[in-house]
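Structural overview for review
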Amino acid sequence: MKTKKLLTAVKDYFDESKEKQLKKKKYLKQVLEELKTRQKSLRKKLNEEKDAGEKTTIQKKLDMISYQRNKGLKLLKALRTPPAKESEAEAGRPR
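What you are looking at is a predicted structure, and each value in this text was computed from that prediction instead of being measured. (Residues numbered from 1 in each chain as written. Predicted model: local features only at pLDDT ≥ 70, side-chain atom pairs only at ≥ 80, totals over all residues. Heavy atoms only, no water.)

**Some words on the overall build of the protein**
A tally of helices and strands in the protein yields three helices and zero strands. Helices and strands appear in the protein in the N-to-C order α-α-α. For the protein, with 95 residues in total, the buried portion stands at 15%. Partitioning the contacts of the protein with sequence separation of at least 6, the portion at a separation of at least 24 is 62%. Total accessible area on the protein stands at roughly 8900 Å², and carbon and sulfur atoms take up 55% of it. (Helix = DSSP H or I, 4+ residues; strand = E, 2+ residues; numbered from the N terminus. Buried < 20%, exposed > 50% of the residue type's maximum accessible area, 1.4 Å probe, protein only. Contact = heavy atoms within 4.5 Å. Areas by Shrake-Rupley, 256 points an atom, 1.4 Å probe, with all protein chains shown as cover.)

Now the structure itself:
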């Protein structure tokens, strides 16, 4: 294969990974939105609840959803920021 064909093949490969990453971001955003909705409804339910036992159960669920949502937000943030690249000068130097 000539250099041009090789470069095209590499470009296509990286475009596929970008496409997968975009799909992953979209899915993650959807899940985070659902968790946010569930979190709001549980907070409302917690404020209206009178029974102490039921309140603790709701609070545990709310804590779990909050933890998972924060974890997802961190992952989404990591997907948004591009990975650090080496400078071109360092990339050409032997180590």
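**Focus on helix α2 (residues 52-80)**
When the terminal C-alpha atoms of α2 are compared, their 41 Å separation across 29 residues agrees well with the 42 Å that a helix rising 1.5 Å per residue should span. Taken together, the buried positions of α2 are Ile58, Leu62, Ile65, Ser66, Arg69, Gly72, Leu76 and Leu79. (Expected span 1.5 Å × (residues − 1).)

**Quick look at a negative patch on the surface**
Negative charge collects at one region of the surface, where Asp12, Asp15, Glu16 and Glu19 lie side by side. Within the element layout of this structure, Glu16 appears in helix α1 (residues 3-48). (Patch = residues over 30% accessible without salt bridge, like charges linked within 9 Å, V, L, I, M, F, W, Y side chains within 5 Å. Salt bridge = Lys/Arg side-chain N within 4 Å of Asp/Glu carboxyl O. Lys, Arg positive; Asp, Glu negative; His and termini not counted. Charge placed at Lys NZ, Arg CZ, Asp CG, Glu CD.)

**What to know about the confidence of the model for the protein**
Of the residues in the protein, 83% reach a pLDDT of 70 or more, and the chain-wide mean stands at 82. Taken element by element, the protein is modelled with least confidence in helix α3 (residues 88-92), mean pLDDT 51, and with most confidence in α2, mean pLDDT 92. (pLDDT = per-residue confidence, 0-100.)

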